[in-house]
Amino acid sequence: MALNTSADAPLPVGEVSRLIGGWIDRLGAVWVEGQITQLSRRPGAGVVFLTLRDPSYDISVSVTCYRQVFEAVADVVSEGARVVVLAKPEWYAPRGQLSLRATEIKPVGVGELLARLEQLKKSLASEGLFAADRKKALPFLPQLIGLVCGRASAAERDVLENARHRWPAVRFEVRNVPVQGVHAVPQVVQAVKELDALDTVDVIIVARGGGSVEDLLPFSDEQLVRAVAACRTPVVSAIGHEPDNPLLDFVADLRASTPTDAAKKVVPDVGEEYERVRFLRDRARRSVQSFIEREERGLAHALARPSIEDPHRMVDERADQVTALLDRGRRTFGHLLDRADSELTHTHARVVALSPAATLQRGYAVLQKADGHVVRDPDEVAAGEALRARVAEGEFTVRVDA
């Protein structure tokens with residue numbers, strides 16, 4: 001229940017500690033899982049002190065138990081082991097410290113760990129974190145590689161030496177972190193996030209040598225899996241050896257069987273690339289040479305054709321034909337002109353012969369009345385009527401005599 005306190009009526013520290021202790025004493029025993037980070041077994045002491053840590057969230061709690069409780073599992077439990085303890089929360093009032101009093105300790109077996117990992121794997125897979133369509137392609141030639149590994153470890157040496165042997169100009173941004181134990185998960189996650197935040201890093205390799213299932217547990221942690229899934233930079237998992245499959249392998253964009261294999265898959269071999277370039281260059285040269293030779297053969301074949309070899313030959317062959325046709329055309333046109341001239345002369349003669357002027361030339365005259373009407377009948381004129389007489393050389397006026 002809330003207490004009525006104020007600045008004028010505060011509670012003493014001892015009273016507050018006593019009240020907290022009274023509330024905690026009413027809590028029942030709970031089963032707690034964690035990893036042992038510190039273990040103190042003083043000779044002759046009846047109490048064993050240990051620290052239980054949650055590696056995923058970097059939270060620890062002190063645990064005490066009687067020697068006989070710990071002796072029951074002393075042969076299989078040591079620092080770094082995962083255990084499940086049945087404990088009751090206790091409050092140590094003089095120091096204001098919370099701890100757990102364990103009455104039973106059970107080691108977490110490998111089978112149980114694998115079962116939990118399989119359950120976590122199915123859960124993460126159902127979210128789509130392992131889907132193939134979300135995996136990013138690695139760059140062909142990374143300029144800067146981020147490497148997360150143990151300090152002075154064989155994994156670091158294998159990656160650096162093999163990568164530089166394959167491509168001497170490659171550069172690394174290395175983050176040395178614990179790769180097992182209680183501090184591994186938060187520091188590996190922090191290192192991955194730091195490298196992912198660098199725009200110059202092209203790919204990230206998380207590497208570790210082989211080990212037991214317990215040693216590789218940090219790389220199956222849910223927090224690390226989600227951190228890698230959120231990376232915008234391609235991530236390569238190089239954990240353990242071929243049989244080892246932590247969950248990091250499934251969420252990473254590429255899985256390498258060993259750190260050495262990671263170096264081979266991330267960095268191209270300069271010798272192989274040189275040979276590939278040489279092969280492609282020779283292939284291109286052969287293709288161009290073949291094209292030139294084919295075109296030269298086609299050109300030679302075209303030049304060997306009579307029309308190209310002696311282009312005036314066809315003109316010369318046709319010149320006589322053109323001349324003959326020209327002469328024939330001229331003769332035909334001349335004949336047509338002569339015939340037309342003869343026909344014109346005959347027609348002209350007939351026209352002249354039939355012309356009224358020709359009749360007048362023979363001495364005839366045409367009489368016309370004043371209105372121009374030609375007189376054809378004597379009855380058409382009257383006595384004394386003036387008429388116009390038209391002859392070959394002109395016209396004059398005549399008058400009708402009664």
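Residue positions are counted from 1 within each chain, in the order its sequence is given. Side-chain atom pairs in this predicted model are given and counted only at pLDDT of 80 or more, local residue features only at pLDDT of at least 70, and totals for whole chains, interfaces and linings cover all residues. Side-chain measures were taken over the full set of non-hydrogen atoms in the model, leaving aside hydrogen atoms and water.

## A few points about the sheet that holds strand β12 (residues 386-391)
Thought 1: As summarised here, the arrangement of the 3 strands in space is β11-β12-β13, forming an open sheet in which the pairing is antiparallel. Two strands in the sheet have a free side with no partner beyond their single neighbour: β11 (366-368) and β13 (394-399). Between one strand and the next, the sheet's axes are offset by a mean angle of 30 degrees, whatever the strand orientation.
Thought 2: Pairing geometry for β12 and β13, over 6 bridges, is antiparallel. Bridge pairing in β13 links Val391 to Gly394. Strand pairing is defined by DSSP finding a minimum of two bridges between the two strands. The helix count covers DSSP runs of H or I at least four residues long, the strand count covers runs of E at least two residues long, and both are numbered beginning at the N terminus. For every element, the axis is a line fit to its C-alpha atoms; helices are fit only across the contacting stretch, and the angle between N-to-C directions ranges from 0 to 180 degrees.

## Regarding unusual backbone geometry
Thought 1: Of note, the phi angle at Ala152 is positive, near 55 degrees, even though the residue is not glycine.
Thought 2: In this fold, Ala152 is placed in the loop between β6 (144-149) and α4 (154-166).
Thought 3: Per-residue accessibility, obtained with a 1.4 Å probe over protein chains only, is compared with the maximum for each type, and a residue is labelled buried under 20%, exposed over 50%, and partly exposed between these values. When its relative accessible area of 71% is taken as the criterion, Ala152 is described as exposed.

## Examining the sheet that holds strand β1 (residues 30-40)
Thought 1: The 5 strands are arranged β1-β2-β3-β5-β4 in a closed barrel whose pairing can be described as mixed. Geometrically, the sheet is characterised by an average inter-axis angle of 55 degrees between neighbouring strands, direction not taken into account.
Thought 2: Examined bridge by bridge, β1 and strand β4 (residues 82-92) share 6 bridges and lie antiparallel to one another. Directly across from Gly34, in β4, lies its bridge partner Val83.
Thought 3: Contacts are assigned to residue pairs with any non-hydrogen atoms lying within 4.5 Å of each other. Sitting on the sheet, helix α1 (residues 13-25) is in contact with β4 and β5 (97-107), with an inclination near 140 degrees to β4.

## Observations regarding the packing of α4 against helix α8 (residues 259-266)
Thought 1: Where α4 meets α8, the axes come as close as 8 Å, and the angle between the chain directions of the two elements is 30 degrees. Relative to α8, the element α4 lies roughly parallel. Handedness of the crossing formed by α4 with α8: right-handed. Here α4 contributes Ala155, Asp158, Val159, Asn162, Ala163 and Arg166 to the contact with α8, which in turn contributes Pro259, Thr260, Ala263 and Lys264.
Thought 2: Each residue receives one of three labels: charged for Asp, Glu, Lys and Arg, nonpolar for Ala, Val, Leu, Ile, Met, Phe, Trp, Tyr, Cys and Pro, and polar for the others, Gly being one of them. Partitioning the contact of α4 with α8 into residue classes produces 5 nonpolar, 2 polar and 3 charged. Our angle categories are set so that under 35 degrees counts as roughly parallel, over 145 as roughly antiparallel, 65 to 115 as roughly perpendicular, and the remainder as oblique. Take the far helix as the reference: if the near one is turned anticlockwise from it by less than a right angle, the crossing is left-handed, and if turned clockwise, right-handed.

## Considerations on the packing of aromatic side chains
Thought 1: Classification of ring pairs uses Phe, Tyr and Trp, with its six-membered ring standing for Trp, and accepts pairs whose centres are within 6.5 Å; under 30 degrees between planes counts as stacked, over 60 as edge-to-face, and the remaining range as tilted. Enumeration over the complete set of coordinates arrives at 1 aromatic pair.
Thought 2: Centre to centre, the rings of Phe130 and Phe250 are 5.7 Å apart; their planes meet at 40 degrees, and the pair counts as tilted. Of this pair, Phe130 sits in the loop between α3 (110-126) and β6 while Phe250 sits in helix α7 (residues 247-251); the two residues are 120 residues apart in sequence, bridging distant segments of the chain.
Thought 3: Taking the relative accessible area as the measure of exposure, Phe130 reaches 14% and is therefore buried.
Thought 4: Sitting over the ring of Tyr66, Arg101 keeps its end group 5.0 Å from the ring centre. For a ring to carry a charge above it, either NZ of a lysine or CZ of an arginine must fall within 6 Å of the ring centroid while also lying within 35 degrees of the normal to the ring plane.

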